[in-house]
Amino acid sequence: MSDPAVAAQRQQQRQQGLIAGLVTLPFRFFGVLCGALLLCILIECVGMHFFWPEQGWRHAQGMLHHELDQLSTHFTRSALVQEPGRTALRLVAQGYDWLFVRSGLLDWIRDASTQASAGSHRPTKDFRHYIGLVYVNVESYLIASAYTTLVFLVRLLVLCLTLPLFLMAAFVGLVDGLVRRDIRRFGAGRESGFIYHRARASLIPLAVLPWVTYLALPVSVNPLLILLPSATLLGVAVCIAAATFKKYL
C-alpha cells in the first residue's frame with residue numbers, strides 16, 4: 001500500500017476514533033461520577049469505623065453544613081447561576097426529597113429500624129433477632145451514606161461553578177502555546193515529539209483527577225486549594241501540547 005493511502009487510512013481511523021470518543025463522552029463522564037460517589041461513600045464508612053467512631057454519621061452531617069456555609073460565603077456570584085448558595089440549598093432539598101422521601105426509602109428505613117429494634121430484643125434468637133442486630137450495626141452507616149450523597153451533590157455544584165476557570169485556563173494555555181509554536185517554527189527551532197506526547201497524555205488526568213479528588217475528600221476544604229492549582233497545571237499542559245504540536249490543527 002502506498003504512503004498516501006496509508007496516511008489517508010490513518011486519518012480516517014483518527015476521525016472515527018474522535019467521533020466514537022465524542023459519542024461515548026457523556027457515558028464515561030457519568031461513570032466517573034458514579035465511581036467518585038461510591039469512593040466517597042466508601043471513604044466515609046471506613047473513616048467512621050477507624051478515625052471518627054465517636055462522631056459517627058454526624059461527621060457527614062457536619063460536612064454537609066460546612067459545605068453549604070462555605071458555598072454561601074465564598075461563592076456569592078457566578079457566571080452560571082445568580083445565587084449559588086440558594087441554588088445549593090434547593091439542590092440539597094430536591095435531592096433529599098427525590099432520593100429519600102418520594103422513593104419511599106426514608107419510610108422503609110424507619111419501618112426496618114422499628115422492626116429490627118423489636119427483633120433484637122426478642123428473648124429467642126431467631127432469624128429476626130439476627131437481622132435486628134445487623135441493622136442496628138449498619139444503621140449509622142446508612143445515614144452517613146445519605147448525608148455523604150448530599151455532600152457529593154453540593155460539591156458537584158461547586159465543580160460546575162468552577163468550569164469557567166478550567167475553560168479559561170485551557171484557552172489561555174492554547175493561545176500561548178500556539179504563539180510559542182509559531183515563534184519556534186519561524187525561528188527554525190526543534191520540535192520534540194516526546195514532550196508533546198507526554199503533555200497530551202497528561203491532559204485527561206489533569207482534567208479528571210481534581211474532580212475525583214475533591215468529590216471523594218472525607219473532610220471539608222476550600223475548593224480553590226485543589227481546583228486553582230489543577231486549573232493552572234491544565235493550562236500549562238495545554239500550552240506545552242500546543243507549542244510542541246507538529247502539524248496545524
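Sequence order sets the numbering: in each chain, residues are counted from 1 along the sequence as written. Given that the model is predicted, a residue must reach a pLDDT of at least 70 before its local features are reported, and side-chain atom pairs must reach 80 or more before they are shown or counted; all residues, however, enter totals for whole chains, interfaces and linings. Values shown for side chains rest on all heavy atoms present in the structure; no hydrogens or waters enter the calculation.

Engineer: Is there a simple way to explain the environment of F245 in this structure?
Structural biologist: Where helices and strands are cited, they refer to DSSP runs of H or I of at least four residues and of E of at least two residues respectively, numbered from the N terminus. Locating F245 in the fold gives a position in the segment after α9 (224–243). Using a relative accessible area of 21% as the deciding quantity, one classes F245 as partly exposed. Considering only alpha carbons, one finds F245 and G177, 68 residues apart in sequence, at a separation of 9.1 Å. Contact between two residues is taken to exist if any of their heavy atoms lie within 4.5 Å; hydrogens are not considered. Apart from the residues lying within four places of it in its own chain, the contact partners of F245 are R181, R184 and Y196. Buried residues are those whose accessible area, probed at 1.4 Å on protein chains only, stays under 20% of the maximum for their type, while exposed residues exceed 50% and partly exposed ones sit between those limits.

Engineer: Explain the UniProt feature "transmembrane region" (unreviewed entry) in the chain to me, please; I cannot follow it from the model alone.
Structural biologist: UniProt positions are given in the numbering used here, feature names are shortened, and annotations may be inferred rather than shown by experiment. Listed under "transmembrane region" (unreviewed entry) in the UniProt record, and renumbered for this structure, are residues 29–52, 130–150, 156–179, 199–217 and 223–245. When the span residues 29–52 is considered, its composition is 92% helix and 0% strand, and the gap between its end C-alpha atoms is 32 Å. The span residues 156–179 is 96% helical and 0% strand by assignment, and the distance between its end C-alpha atoms comes to 34 Å.

Engineer: Whenever I open this one, the nonpolar core confuses me. Can you help?
Structural biologist: In summary, soluble globular proteins display a tendency toward joint burial of nonpolar side chains. In plain words, nonpolar cores are sets of buried Ala, Val, Leu, Ile, Met, Phe, Trp, Tyr and Cys residues tied together by side-chain atoms within 4.5 Å. Counting residues in each nonpolar core, the largest one holds 28 residues, and the members touching the most others are L64, L71 and L215. Sorting the residues of this core by element identifies α1 (3–50), α2 (58–74), α3 (84–101), α5 (127–161), α6 (163–186), α8 (203–216) and α9 as the ones contributing at least two each. Among the elements that make up this core, the one with the highest residue count is α5 (9 residues). L64 has contacts with V92, Y147, L150, V151 and V154, leaving out every residue within four places of it along the chain.

Engineer: Before we go on, may I ask you to explain α8 in this structure?
Structural biologist: An α-helical turn contains 3.6 residues, so a residue and the one three or four places further along point in the same direction. Its 14 residues place the ends of α8 21 Å apart at the C-alpha level, agreeing with the 20 Å of an ideal helix rising 1.5 Å per residue. Of the positions making up α8, those classed as buried are P210, W211, Y214, L215 and A216. An expected span of 1.5 Å times one less than the residue number is assigned to each helix.

Engineer: What should I look at first to understand the pattern of salt bridges in this one?
Structural biologist: Side chains carrying opposite charge are able to pair once their charged atoms draw close together. We define a salt bridge as a side-chain nitrogen of Lys or Arg found within 4 Å of a carboxyl oxygen belonging to Asp or Glu. Under the criterion given, the structure shown has 3 salt bridges. The partner of R155 in a salt bridge is E67, with the nearest N and O atoms 3.1 Å apart. One end of the pair, R155, is in helix α5; the other, E67, is in helix α2, with 88 residues separating them in the sequence. With a closest N to O distance of 2.7 Å, R180 and D176 form a salt bridge. One end of the pair, R180, and the other, D176, are both in helix α6, 4 residues apart, so they sit about a helical turn from each other.

Engineer: Can you help me understand the environment of P205 in this one?
Structural biologist: By secondary structure assignment, the location of P205 is in helix α8. With relative accessibility at 34%, the residue P205 sits in the partly exposed group. For the pair P205 and L234, spaced 29 residues apart in sequence, the C-alpha to C-alpha distance is 9.2 Å.

Engineer: Help me understand the packing of α6 against α9, please; the structure alone is not making it clear to me.
Structural biologist: The packing of two helices is summarised by the inter-axis angle and the distance between the axes. Axis separation between α6 and α9 bottoms out at 7 Å; the angle between their running directions is 25°. When the axes of α6 and α9 are compared, the pair comes out roughly parallel. Classified by chirality, the crossing of α9 by α6 is right-handed. Residues L165, F166, A169, A170, G173, L174, D176, G177, L178, R180, R181 and R184 of α6 form the contact with α9, whose own contacting residues are L227, L228, S230, A231, L234, G235, V238, C239, A242 and A243. As a working rule, the residues Ala, Val, Leu, Ile, Met, Phe, Trp, Tyr, Cys and Pro are called nonpolar, Asp, Glu, Lys and Arg charged, and the rest polar, with Gly in that last group. Residues of the contact of α6 with α9, tallied by class, amount to 14 nonpolar, 4 polar and 4 charged. An axis is simply a line fitted to the C-alpha atoms; with a helix, the fit covers only the stretch in contact. Between two such axes, the angle follows the N-to-C directions and lies from 0 to 180 degrees. Should an angle lie under 35 degrees it is considered roughly parallel, over 145 roughly antiparallel, and from 65 to 115 roughly perpendicular; all remaining angles are considered oblique. If you view the pair so one helix is near and one far, a crossing is left-handed when the near helix is turned anticlockwise from the far one by less than a right angle, and right-handed when it is turned clockwise.

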